[in-house]
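# Working through the structure, step by step
The lines below spell out each chain.
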Amino acid sequence: MRQTTFGPNCVNNCSLNCENSECNGTSGLCNRCKWGYQGEFCNKPCDDSHYGSNCISTCSPHCKEQKCDKVTGHCNTCIAGYLGGYCNITCPNQYYGAFCAQTCSKNCQNFECNSAHGACYSCSAGYRGDFCNMSCDTNHYGPNCVNNCSTTCVGSSCDATTGHCHSCIQGYRGQFCQEAHDRLAEGVGIGIGTMCVVIVIVLAVVCIVRRTACSATSNGNSRDEQTGNRNVRESSQTVYNEMDAAPPAVELNAYDYIGKDTTPYDTLHKEDNEKSQYEAVSMTTMNT
């Protein structure tokens with residue numbers, strides 16, 4: 001049975017701040033206080049930095065002024081760099097300040113900074129300072145400007161980010177002017193190289209001119225040869241045509257005369273044939 005009264009004849013009610021309004025029936029002392037109160041009769045609120053039953057819990061150190069709700073312990077406000085009811089969540093990367101509403105400097109390395117005040121943990125190449133808002137001087141470079149420019153850079157001056165020399169002192173070359181070299185030898189080498197190129201070009205031009213001349217002569221001879229061959233072919237064709245042509249037709253009568261002989265043509269022809277046959281037989285006989 002709950003004891004919510006105390007004293008003679010139980011006429012006194014227990015304190016409302018007693019947990020479940022229960023107290024000792026004789027003295028009226030609370031068995032336990034509600035959250036946010038303390039004391040024998042639970043009539044004393046917690047101080048600003050404590051909360052809970054009998055005020056035994058301490059507010060988060062990330063609560064602003066370490067003040068919190070006396071019952072729940074929720075911070076009234078968080079200090080810079082924290083979020084959440086108990087201010088136990090740090091700001092995400094790239095943010096800082098009250099309610100994590102501010103952005104880290106773009107010159108912070110990886111955009112990371114202290115979540116409370118925004119100071120960079122390290123600077124990107126070419127910058128220095130707590131907030132990386134200052135450029136390197138002319139003789140330094142790299143993250144936080146801790147590297148010295150090469151002494152072979154003119155004036156020991158270099159690019160603040162890469163360290164590359166703007167120009168080298170005499171006798172050195174390279175991005176960091178770390179390579180020693182002989183300018184005279186380099187000049188001679190360049191001169192010889194240029195001369196070789198010129199000679200190659202001249203020889204090439206000569207070859208082209210000669211090839212062009214030879215080609216022109218060859219083309220002329222070829223044309224003359226082709227013309228001669230064409231003339232020979234035309235003459236030969238004319239001869240062949242003349243040989244193939246039929247002799248002009250001559251009309252002869254049976255009684256045409258040869259010279260002043262009055263013998264008909266057929267009779268003379270017959271006599272010539274007989275004479276030829278006789279001569280052929282005589283030659284055969286002599287051979288045998």
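Residues numbered from 1 in each chain as written. Predicted model: local features only at pLDDT ≥ 70, side-chain atom pairs only at ≥ 80, totals over all residues. Heavy atoms only, no water.

### Here we look at the state of the cysteines
Taken as a whole and assessed by the stated rule, the structure comprises 15 disulfides. Between the sulfur atoms of Cys136 and its disulfide mate Cys145 the distance is 1.8 Å. Given an S-S torsion of about -90°, the disulfide between Cys136 and Cys145 has left-handed geometry. Of the two residues, Cys136 and Cys145, both sit in the buried class. Paired by a disulfide, Cys168 and Cys177 hold their sulfur atoms 1.9 Å apart. Handedness here is read from the sign of the S-S torsion; for Cys168 and Cys177, about -85°, the answer is left-handed. A relative accessible area of 1% places Cys177 in the buried class. (Disulfide = S-S within 2.5 Å. Buried < 20%, exposed > 50% of the residue type's maximum accessible area, 1.4 Å probe, protein only.)

### Things to note about the pattern of salt bridges
Note on pairing: side chains with opposite charge can pair once their charged atoms come close. Going through the model one piece at a time under the given rule, you end up with three salt bridges. Put simply, Lys70 and Asp48 hold a salt bridge, and the shortest N to O gap is 3.0 Å. Residue Lys70 is found in the loop between strand 6 (57-58) and strand 7 (82-83), and its partner Asp48 is found in the loop between strand 4 (44-45) and strand 5 (50-51); the two are separated by 22 residues along the sequence. Judged by its relative accessible area of 26%, Lys70 falls in the partly exposed class. (Salt bridge = Lys/Arg side-chain N within 4 Å of Asp/Glu carboxyl O. Helix = DSSP H or I, 4+ residues; strand = E, 2+ residues; numbered from the N terminus.)

### Points about the environment of Asn107
Mapped onto the elements of the fold, Asn107 is located in the loop between strand 10 (102-103) and strand 11 (127-128). Measuring from C-alpha to C-alpha, the distance between Asn107 and Cys123 comes to 5.9 Å, with 16 residues separating the pair along the chain. Discounting chain neighbours no more than four positions away, the residues touching Asn107 are Ser122, Cys123, Ser124, Tyr127, Cys132 and Asn133. Reaching out from Asn107, the side chain makes a polar contact with the backbone oxygen of Cys132 at a distance of 2.9 Å. (Contact = heavy atoms within 4.5 Å. Polar contact = N/O pair within 3.5 Å; in protein donor to acceptor, adjacent residues only side chain to side chain.)

### With respect to a nonpolar patch on the surface
Among the surface-exposed residues, Val197, Ile201, Val205 and Val209 lie close enough to one another that they form a single nonpolar patch of about 350 Å² accessible area. Checked against the element boundaries, Val209 lands in helix 1 (residues 183-244). A relative accessible area of 51% places Val209 in the exposed class. (Patch = residues over 30% accessible without salt bridge, like charges linked within 9 Å, V, L, I, M, F, W, Y side chains within 5 Å. Areas by Shrake-Rupley, 256 points an atom, 1.4 Å probe, with all protein chains shown as cover.)

### Observations concerning unusual backbone geometry
The phi dihedral of Cys87 is positive, around 55°, even though this residue is not glycine. One can find Cys87 in the loop between strand 7 and strand 8 (89-90). Assessed through its relative accessible area of 0%, Cys87 is described here as buried. Phi angles above zero are rare outside glycine, and Phe99 is one such case at about 60°. Among the secondary structure elements, Phe99 is positioned in the loop between strand 9 (95-96) and strand 10. Of the residues examined, Phe99 reaches a relative accessible area of 61% and is grouped as exposed.

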